[in-house]
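# Summary of structural features
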Amino acid sequence: MGKAKTPKRAGTASGPYDRKPSSKATNTNIFKFDKDFGQHILKNPGISDAIVEKAYLKPTDVVLEVGPGTGNITVRALEKAKKVIAVELDPRMGAEVTKRVQGTPLAKKLEVILGDVIKMPEMPPCDALISNTPYQISSPLIFKMLAMPNPPRIAVLMFQREFAKRLVAQPGDPLYSRLSVNVNFWATCRHIMKVGKQNFKPPPKVESDVVRIEPLTGSARPNIAFEEFDGLLRIVFNRKNKTLNAAFAPKEVLAMCERNYKVYCSLNNIPVDESLAISDDKMETDDVYMDVDNNEEESGGFDGDKTEEYDDEDMPEFFKEATDDAKDAKTPARNPKSKVALIVKAKINKVLTATALGEKRARQCDQNDFLKLLLAFHEEGIHFS
């Protein structure tokens, strides 16, 4: 006698391969990645291994990782180092990397800090810095690391390819910039490997490169204030295709140099004559004279460029503020110049002439040129920080 067929419950599979995947199984992402945070998770384990290997970690090292993501690099660093401090902006990612080592011996070696590493007063002290760097903080992270009084022994960082090329650019290269000079002045920088965009999830629009930066420490570190050297570079690289004469001609630069010169004089008990030197009418003529250098390349540019955009990254803050104010002011006020302003301008002209760098462009100058320029300005009492 045949068995009566019983109706199957809804959703019951007739065989082991007929089961429909659940909604959780189809979603392979832990959560949706936020591209506004530059979240492109490195999914190739071979590259994660290579990044940690190239950091030459020691069992006593404290490692700082910026943007750990889901922890693919973090767990490998934890296996080799004494401690890993992971700074993460996204709380979801912070929870995920914590969960990944929860209940294991590695959990005691991990410290997660939620926040923006760039907005921290100081970066946590560390022996090594590792990062699949979010593109928005690439340049600020480099400068913050180099400005540390005791920078890490080594940094292995992944950047967008064009940015990585700027790090190793030499004088005369199209990508040579303030970043190039600073990195190679305060550290040694080497290209390690290329990383295709298919190695990330979600894939970025551009390729990436990994570089190794070894900051100079101890007696090898230049005995110069970072803020001073970088302050000079901010001015000359504001528009790197113009001559240094033109770079120091704008009123904003002269005003900044004048303020700093007054501070220098005050600290060294040098009297300053702030009485007016010329009238408004004569100043009009002087302003036209100052603008000659500013316009020297507008009719042809350098290397055939007829126009040149300001680089926001290299633009000093006082330039940005002055630019914003200029947008609101239709007729900018012209104030009579003081005698100290003329003294500062004369000192700047003296330095540029004595160093024979006035007619050179920033993109053509090397480290020795910038050091010679900075020393000459300091001898005249002009500073940049």
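For the structure, check the block above.
Analysis parameters
- Residues numbered from 1 in each chain as written.
- Predicted model: local features only at pLDDT ≥ 70, side-chain atom pairs only at ≥ 80, totals over all residues.
- Heavy atoms only, no water.
- Helix = DSSP H or I, 4+ residues; strand = E, 2+ residues; numbered from the N terminus.
- Buried < 20%, exposed > 50% of the residue type's maximum accessible area, 1.4 Å probe, protein only.
- Contact = heavy atoms within 4.5 Å.
- Core = buried A, V, L, I, M, F, W, Y, C linked by side-chain atoms within 4.5 Å.
- Salt bridge = Lys/Arg side-chain N within 4 Å of Asp/Glu carboxyl O.
- Phe/Tyr/Trp six-rings, centres within 6.5 Å; stacked < 30°, edge-to-face > 60°.
- Polar contact = N/O pair within 3.5 Å; in protein donor to acceptor, adjacent residues only side chain to side chain.
- Expected span 1.5 Å × (residues − 1).
- Arc of directions from axis to C-beta.
- Pairing = 2+ DSSP bridges.
- Axes fitted to C-alpha atoms, helices over the stretch in contact; angles between N-to-C directions.

## Quick word on the environment of Pro-59
As for its position among the elements, Pro-59 is in the loop between α2 (45-53) and β2 (62-66). Relative accessible area serves as the criterion here: at 67%, Pro-59 is assigned to the exposed category. Along the backbone, Pro-59 and Ala-81 are 22 residues apart, and their C-alpha atoms lie at a distance of 4.7 Å. Once residues within four sequence positions are removed from consideration, Pro-59 is found in contact with Lys-80, Ala-81 and Lys-82.

## Some points on the nonpolar core
If you look at soluble globular proteins, the nonpolar side chains tend to sit buried side by side. Counting residues in each nonpolar core, the largest one holds 65 residues, and the members touching the most others are Ile-142, Leu-167, Ile-213, Phe-248 and Phe-384. Among residues more than four places away in sequence, those in contact with Leu-167 are Ile-142, Phe-159, Leu-179, Ser-180, Val-183, Asn-184, Cys-189, Val-211 and Ile-213. Listed in part, the 27 residues of the second largest apolar core include Ile-47, Ile-51, Ala-128 and Met-158.

## Let's talk about the pattern of salt bridges
Applying the stated rule across the entire model yields 15 salt bridges. Among the salt bridges present, the one from Glu-111 reaches Lys-83, with a minimum N-O distance of 2.8 Å. Separated by 28 residues along the polypeptide, Glu-111 in strand β4 (residues 110-114) and Lys-83 in strand β3 (residues 83-88) bring together distant segments of the chain. The exposure class assigned to Glu-111 is partly exposed, which follows from its relative accessible area of 31%. Linking Lys-339 and Asp-273 is a salt bridge whose minimum nitrogen-to-oxygen distance equals 3.6 Å. With Lys-339 in helix α13 (residues 339-354) and Asp-273 in the loop between α10 (251-267) and α11 (280-294), the pair connects residues that are 66 residues apart, well separated along the chain.

## Points about the packing of aromatic side chains
Applying the stated criterion across every chain, the model contains 12 aromatic pairs. Ring centres of Tyr-176 and Phe-237 lie 5.9 Å apart, and the angle between their planes is 70°; on these two criteria the pair is classed as edge-to-face. Taken together, the residues span a long stretch of sequence, with Tyr-176 in the loop between α6 (161-167) and α7 (178-186) and Phe-237 in the loop between α8 (226-236) and α9 (244-247) at a distance of 61 residues. Taking 5.0 Å as the distance between ring centres and 90° as the angle between the ring planes, the aromatic pair formed by Phe-185 and Trp-186 counts as edge-to-face. Taken together, Phe-143, Phe-185, Trp-186, Phe-226 and Phe-229 form an aromatic cluster joined through their ring pairs.

## As for the environment of Lys-83
Judged by relative accessible area, which is 29%, Lys-83 ranks as partly exposed. C-alpha of Lys-83 to C-alpha of Asp-61: the two residues are 22 residues apart in sequence and 6.8 Å apart in space. Setting aside chain neighbours within four positions, we find Lys-83 in contact with Asp-61, Val-62, Val-63, Lys-109 and Glu-111. Within the structure, the side chain of Lys-83 is placed 2.8 Å from the side chain of Glu-111, a separation counted as a polar contact.

## Topic: α13
Across its 16 residues, α13 extends 22 Å between first and last C-alpha, which sits within 8% of the 22 Å expected from 1.5 Å per residue. Those residues of α13 that fall on the buried side of the exposure criterion are Val-340, Ala-341, Val-344, Lys-345, Lys-347, Ile-348, Val-351 and Leu-352. In an axial view of α13, the angular spread of the buried residues amounts to 155°, which keeps them on one side of the axis. Exposed side chains of α13 directed beyond 90 degrees from the buried face belong to Lys-350, Thr-353 and Ala-354.

## Comments concerning α7
In terms of burial, α7 is a largely internal element, 8 of the 9 residues being buried. Here the buried face of α7 lies against α5 (138-146), α6, β7 (187-195), β9 (208-215), α8 and α14 (367-379).

## Quick word on the side chain of Ser-48
Take Ser-48: it is sitting in helix α2. We classify Ser-48 as buried; its relative accessible area is 1%. The residues touching Ser-48, leaving out its near neighbours within four places in the chain, are Leu-42, Asn-72, Ile-73 and Arg-76.

## Structural notes on the sheet that holds strand β6 (residues 154-160)
Taken together, 7 strands build an open sheet; the order of strands is β4-β3-β2-β5-β6-β9-β7 and the sheet is mixed. Edge strands, defined here as strands with exactly one partner in the open sheet, are β4 and β7. Averaged over all adjacent pairs, the angle separating strand axes in this sheet is 20°, with direction ignored. When strand β5 (residues 128-132) meets β6, the two strands line up parallel, connected through 5 bridges. Paired with Ala-128 across the strands is Ile-154, a residue of β6. Running at roughly 165° to β7, α2 makes contact with β5, β6, β7 and β9 of the sheet. Most of the contacts of helix α4 (residues 91-101) go to β4, to which it runs at about 170°, and overall it touches β3 and β4.

Geometric descriptors of this kind do not, in isolation, establish any biological role.
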